[in-house]
Amino acid sequence: MKTLTAKQILYSLVSFWIFSNSYSQEPNKSIEKKIDKIIKGMSIDQKIGQACLKGTSSRSKGLSEELKNEVRKGLVGSVLNLTEPSLVLELQKIAVEESPNHIPLLFGRDVIHGYKTIFPIPLGLAASWDMELVEKTSKIAANESYSRCINWTFAPMVDIARDARWGRIAESPGEDPLLASRLGVAYVKGFQGSDPSVPGQILACVKHFAAYGAAEGGRDYNTVSMSESLLRNVYLKPFEAAAKAGAATFMSSFNDLNGVPASGNTFLLKKILREEWKYDGFVVSDWNSATEMIPHGFAADEKDAAFKSASAGLDMEMTSLSYANHLKNLIAEKKISEKQLDDMVRNILRIKFRAGVFENPYFKDREKFSLLNADALQTSRTAAGKSCVLLKNENQMLPLKSNQKIAVIGPLADASREQLGTWIFDGKKEDSQTPLKALQNSFGENNVYYAAGLSHSRSLSEEGFASAIKEAEKSDVILFFAGEEAILSGEAHSRANINLPGLQEKLITELQKTGKPIVLVLMSGRPITLGAVLPKVNALIMAWHPGTMAGSAISDILLGLVNPSGKLPVTWPKEVGQIPIYYNHPNTGRPADPKTFVAIQDIPIEAWQSSLGNNSHYLDAGYEPQFPFGFGLSYTAFSYDNLKIEKKTLKSDEKLTVSAVITNTGTRTGTETVQLYVRDITGSIVRPIRELKDFQQIELKPQESKTVQFSIPVSELAFYNDKMELKVEAGDFKFWIASHAENGLEGDFKVE
């Protein structure tokens with residue numbers, strides 16, 4: 001029986017090659033000589049100019065004379081948010097033909113999950129667990145961006161996120177370092193290709209370095225405190241993977257890490273990135289994050305911010321002006337050496353050469369790449385479908401039958417702008433296909449009864465309830481499209497409570513009284529605590545913010561034309577009080593145990609005050625999530641059997657090879673993501689109760705079986721101990737081949 005398709009094997013080998021060989025790009029001697037020559041001919045002011053990323057807000061239009069004059073003098077190295085091609089080419093012509101050193105500019109833009117063709121938000125794409133798909137979406141985004149004279153995107157974001165209150169969880173790859181690492185590599189490969197100088201490819205920028213996803217309380221820009229071992233074992237892994245994959249640029253984060261803001265953090269920018277990882281791209285600050293070290297209380301003033309940023313290894317400053325205003329004086333005062341500035345400029349010019357902008361400053365062949373073409377739209381539709389996670393399907397409520405009469409209710413049913421999600425500066429609602437329109441096409445307008453019920457997700461008006469109930473009563477089944485508007489997630493949009501906003505819960509309660517079954521389709525940038533809602537609905541699909549082709553993709557799922565295959569990339573909390581919640585947590589001395597768990601209603605009145613027999617849980621929310629990491633249902637069913645391990649005692653230079661037989665026991669062809677978890681039972685520091693070590697996606701026809709085999713080097717069981725030594729420790733281990741993080745076939749092995 002085949003374990004992997006030829007295409008999957010090829011993709012794995014190519015990924016491994018890139019991961020192994022792109023980690024430290026050997027300096028190109030020819031390029032380095034060209035850089036030497038350019039730097040020797042530059043004044044200090046012109047060198048500082050290369051370290052300045054200037055531009056405007058994402059909504060600004062036009063090109064100022066001031067910016068053109070600065071470019072003409074060589075005082076600008078890169079430009080942000082200039083998206084009109086004629087203006088880009090005008091400014092580039094000034095840089096190339098009129099500036100003293102004729103150095104072309106980079107043109108940056110936040111292209112996060114699509115340019116014009118919008119794909120699911122990154123957290124949604126993570127739910128596909130499909131790296132080939134993710135790579136293709138970012139390649140399309142690169143092609144579309146290049147066609148509009150953009151050659152640098154501020155993506156991917158690879159921040160590990162364990163707190164659904166954090167607005168930027170929508171942009172994250174989820175909570176697991178392995179999944180996040182593979183996603184980061186896929187994004188980089190898609191944006192940059194094997195050669196970022198090829199027309200149609202653009203530079204990636206890996207962000208936010210580092211640990212931004214651990215912001216205290218889930219509040220954006222907030223402080224982060226964590227041990228170095230946790231930082232290395234979890235939060236840095238996807239950044240290292242992206243660096244090894246050849247990511248051209250990195251972005252420092254807004255947060256402080258253990259008291260030191262990232263833009264002035266020598267430990268992150270020099271010790272980790274440059275010395276340990278041998279990274280030779282450049283590092284740009286986030287928007288104003290260099291001067292924001294002043295309100296942090298880390299820099300005394302703008303000059304001090306410039307000093308600390310440059311000293312720490314920040315190569316380029318985004319939008320704020322501490323470098324432009326103060327680096328020259330800092331060099332004159334010998335607080336910063338000119339060699340330090342030269343090194344910063346060298347890193348920037350190296351990437352400009354690799355990007356091919358010296359040879360191709362005017363975006364050659366950009367007319368070959370079109371916007372919203374048929375392949376892009378089909379990929380958007382496929383991605384949205386593969387990102388959908390079926391979380392509940394009581395009595396096989398789904399898929400629907402095409403002759404059913406459906407009531408389409410809810411504020412997200414026909415919200416063409418909201419379904420696109422956060423960070424879509426260039427996506428247009430006019431290009432979106434909504435669920436209502438797609439369902440009217442699929443079922444026929446006479447069989448679809450529509451009433452929004454609420455004008456938007458936050459609405460507190462019951463004015464539309466009566467019409468929603470009236471339409472629902474005509475139907476066989478209610479499709480309720482709930483969730484958050486796009487603006488409720490993303491940067492600066494953290495929420496203390498992550499339930500359905502507005503009166504959505506109340507409307508669902510009223511609809512339940514009709515006696516009609518309810519299918520809840522969620523569109524949001526984060527998991528939503530469903531509380532009393534979940535028992536009131538018969539089926540639940542998490543669609544995230546699915547992008548341009550949301551309507552047809554969701555219609556495909558509801559009708560069974562596509563069998564849902566998405567799996568959660570994050571643990572889904574029952575209550576906000578469980579946060580932070582994540583599957584790969586360490587055990588406690590009193591781990592939660594279903595045999596001894598005592599719920600709040602089970603405690604006798606006037607009970608004796610005692611903690612004997614109690615364990616690590618909440619009296620009211622228990623210890624289990626609503627849905628575990630890796631969970632996702634299908635319209636078919638899969639069984640796991642015949643667990644095998646090739647060798648139960650392993651040396652550190654050997655491989656752990658295990659397998660199981662997966663069978664489609666249902667009546668529909670389906671895709672299953674088979675997951676391998678490992679637990680190190682005893683370590684020099686406490687180890688997670690499970691860690692994802694590999695996964696494979698397989699497609700099975702009804703009653704078909706396949707043997708899925710995993711073979712991972714024992715070296716991948718290494719972790720950083722309390723002395724920051726990366727080691728595999730001898731001892732006993734468990735492993736699971738599983739469909740999610742809380743089940744699976746269990747085995748054991750030993751490492752000598």
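Residues numbered from 1 in each chain as written. Predicted model: local features only at pLDDT ≥ 70, side-chain atom pairs only at ≥ 80, totals over all residues. Heavy atoms only, no water.

Chemist: Requested: an account of the overall build of the chain, with residues and values cited.
Modeler: Tallying secondary structure elements over the chain gives 20 helices and 26 strands in all. The C-alpha radius of gyration of the chain comes to 27 Å, within 12% of the 27 Å expected for a compact globule of 752 residues. By its C-alpha atoms, the chain is 75 × 65 × 60 Å across when sized along the principal axes. Residues classed as buried in the chain amount to 59% of the 752 residues present. Accessible area for the chain stands at about 29200 Å²; split by element, carbon and sulfur atoms hold 50% of it. Charge-centre separation for the chain: the mean point of 85 positive side chains lies 3 Å from the mean point of 88 negative side chains. (Helix = DSSP H or I, 4+ residues; strand = E, 2+ residues; numbered from the N terminus. Rg over C-alpha atoms; globule rule 2.2 N^0.38 Å. Buried < 20%, exposed > 50% of the residue type's maximum accessible area, 1.4 Å probe, protein only. Areas by Shrake-Rupley, 256 points an atom, 1.4 Å probe, with all protein chains shown as cover. Lys, Arg positive; Asp, Glu negative; His and termini not counted. Charge placed at Lys NZ, Arg CZ, Asp CG, Glu CD.)

Chemist: Describe the packing of helix α2 (residues 29-40) against helix α15 (residues 338-354), and please don't skip the residues or the numbers.
Modeler: Contact geometry for α2 and α15: axes closest at 10 Å, N-to-C directions at 130°. In terms of orientation, α2 lies oblique with respect to α15. As α2 runs across α15, the sense of the crossing is right-handed. Contacts from Ile-31, Glu-32, Lys-34, Ile-35, Asp-36, Ile-38 and Ile-39 of α2 reach α15 at Asp-342, Val-345, Arg-346, Leu-349, Arg-350 and Phe-353. (Axes fitted to C-alpha atoms, helices over the stretch in contact; angles between N-to-C directions. Parallel < 35°, antiparallel > 145°, perpendicular 65-115°, else oblique. Left-handed = near helix turned anticlockwise from the far one by under 90°. Contact = heavy atoms within 4.5 Å.)

Chemist: Talk me through unusual backbone geometry; I want residue IDs and the actual numbers.
Modeler: The omega angle of the peptide bond from Ala-155 to Pro-156 is 10°, so this bond is cis rather than trans. Along the polypeptide, Pro-156 turns up in the loop between β4 (152-153) and α8 (177-192). The omega torsion of the bond from Leu-398 to Pro-399 falls at 5°, within 30 degrees of zero and hence cis. Secondary-structure assignment places Pro-399 in the loop between β11 (389-393) and β12 (406-409). With phi around 55°, Lys-278 is a residue other than glycine that occupies positive phi space.

Chemist: Please set out the UniProt feature "domain: Fibronectin type III-like" (unreviewed entry) in the chain residue by residue, giving values where relevant.
Modeler: Following the UniProt record, the feature "domain: Fibronectin type III-like" (unreviewed entry) maps to residues 672-741 here. Spanning residues 672-741, this segment combines 0% helix with 57% strand, and its end C-alpha atoms are found 14 Å apart. (UniProt positions renumbered as here; feature names shortened; annotations may be inferred.)

Chemist: Account for the domain arrangement of the chain, with residues named and values stated.
Modeler: Domain annotation of the chain identifies domain 1 (41-368), domain 2 (388-559), domain 3 (584-624) and domain 4 (638-751). Measuring from the centre of the C-alpha atoms in domain 1 to the corresponding centre in domain 2 gives 36 Å. Facing 29 residues of domain 1, the contacting portion of domain 2 comprises 28 residues. Here domain 1 and domain 2 share an interface that buries about 2200 Å² over both sides, 57% of which is from carbon and sulfur atoms. A salt bridge links Asp-426 to Arg-109, with the shortest nitrogen-to-oxygen separation between them at 2.9 Å. Between the two partners, domain 1 and domain 2, sit 18 residue pairs in polar contact (both at pLDDT 80 or more). Classifying every residue of the side of domain 1 that touches domain 2 gives 14 nonpolar, 7 polar and 8 charged. (Domains from an automatic or database assignment. Buried area = accessible area lost by both parts, 1.4 Å probe. Salt bridge = Lys/Arg side-chain N within 4 Å of Asp/Glu carboxyl O. Polar contact = N/O pair within 3.5 Å; in protein donor to acceptor, adjacent residues only side chain to side chain. Nonpolar A, V, L, I, M, F, W, Y, C, P; charged D, E, K, R; others polar.)

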